[in-house]
Amino acid sequence: DDPPTIFGTDVSYWSVVRLRDGAHYWTIQDLILANADKGVVIDASDYVELKRLQVHTIGEEAIHIRDGSKNTLIDGCKISDTGRVYPGFGEAIYVGSDRGDHGFYAPDVAYTTIRNCEVGPNVRGEPFDVKEGTFETIIEYCTVDAKGLSGDNFADSFVDVKGTRTYIRFNEFNRNGETSLAKGV
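Residues numbered from 1 in each chain as written. Predicted model: local features only at pLDDT ≥ 70, side-chain atom pairs only at ≥ 80, totals over all residues. Heavy atoms only, no water.

> Looking at this model, I keep getting lost on the environment of Ala110. Mind explaining?
Locating Ala110 in the fold gives a position in the loop between β11 (93-95) and β12 (113-115). The exposure class of Ala110 is buried, given its relative accessible area of 0%. In sequence terms Ala110 and Thr164 are 54 residues apart; their C-alpha atoms lie 9.6 Å from each other. The contacts of Ala110, once residues within four sequence positions are left out, are Ser69, Lys70, Asn71 and Phe135. (Helix = DSSP H or I, 4+ residues; strand = E, 2+ residues; numbered from the N terminus. Buried < 20%, exposed > 50% of the residue type's maximum accessible area, 1.4 Å probe, protein only. Contact = heavy atoms within 4.5 Å.)

This is the structure we're talking about:
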């Protein structure tokens, strides 16, 4: 009931946890991750599971799955207070990479499942951002609180979807009076 906490040094620097270049079959669970530029970054690593993490007080995005990573499970995570440095880049969960970064990161992030997560308040970028080049992403059974959405850098929706075969189902999206919310998906 009282998970360990791992703090970064500052919301402008580094990630609290980063797996990269073939860090396959990892499970990271039951931790609080806070006070860094990014909470978790998964690069070019397959079959990674992120379970029951609490990620908050983050300069940009909380969880970023990128660089061709496959078969990632994000389950039961609680994410709040992101985008403290760059509000428009404060996504809760970011799958893939922006087209402009495809020369640096492989775009084909596939088979990512996001389920049972509580997102918000004060997620200043989109709660979920699924980028072009991704495929077979599932977002299900999540609860989202839009309070604190910034509207910066087009952060004006619950979900931004550019990937192929993205399934958004059985979620609860709550506006909670947030005026920056312009659209659902």
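> Help me out: how do you make sense of the pattern of salt bridges in this one?
For side chains of opposite charge, pairing can occur when their charged atoms come near one another. Tallying each qualifying case throughout the model produces 17 salt bridges. Between Asp21 and Arg20 there is a salt bridge, with its nearest N and O atoms 3.1 Å apart. Close ionic contact of Lys131 with Asp129 constitutes a salt bridge, the shortest N to O distance being 3.7 Å. Take Asp129: its relative accessible area is 3%, and that puts it in the buried class. (Salt bridge = Lys/Arg side-chain N within 4 Å of Asp/Glu carboxyl O.)

> Would you take a moment to explain the side chain of Lys131 for this structure?
Mapped onto the elements, Lys131 comes out in the loop between β14 (128-130) and β15 (135-140). For Lys131, a relative accessible area of 5% gives the class buried. If near-sequence neighbours (up to four positions away) are discounted, Lys131 is found in contact with Tyr94, Val95, Gly96, Ser97, Asp98, Lys162 and Gly163.

> Would you take a moment to explain the sheet that holds strand β2 (residues 15-20) for this structure?
Sheet strands associate in pairs through backbone hydrogen bonding, adopting either a parallel or an antiparallel arrangement. Overall, parallel pairing links the six strands, which are arranged β2-β5-β8-β11-β14-β17 in an open sheet. Edge strands, defined here as strands with exactly one partner in the open sheet, are β2 and β17 (159-161). Ignoring which end each strand starts from, the neighbouring axes of this sheet average 5° apart. Across three bridges, the pairing between β11 and β14 is parallel. Looking at β14, one finds that Tyr94 is bridged to Asp129. (Pairing = 2+ DSSP bridges. Axes fitted to C-alpha atoms, helices over the stretch in contact; angles between N-to-C directions.)

> What is the right way to look at the side chain of Ser97 in this model?
You can see Ser97 is positioned in the loop between β11 and β12. Judged by relative accessible area, which is 2%, Ser97 ranks as buried. For Ser97, the contacting residues outside a window of four places in its chain are His64, Arg66, His102, Tyr105, Lys131 and Glu132.

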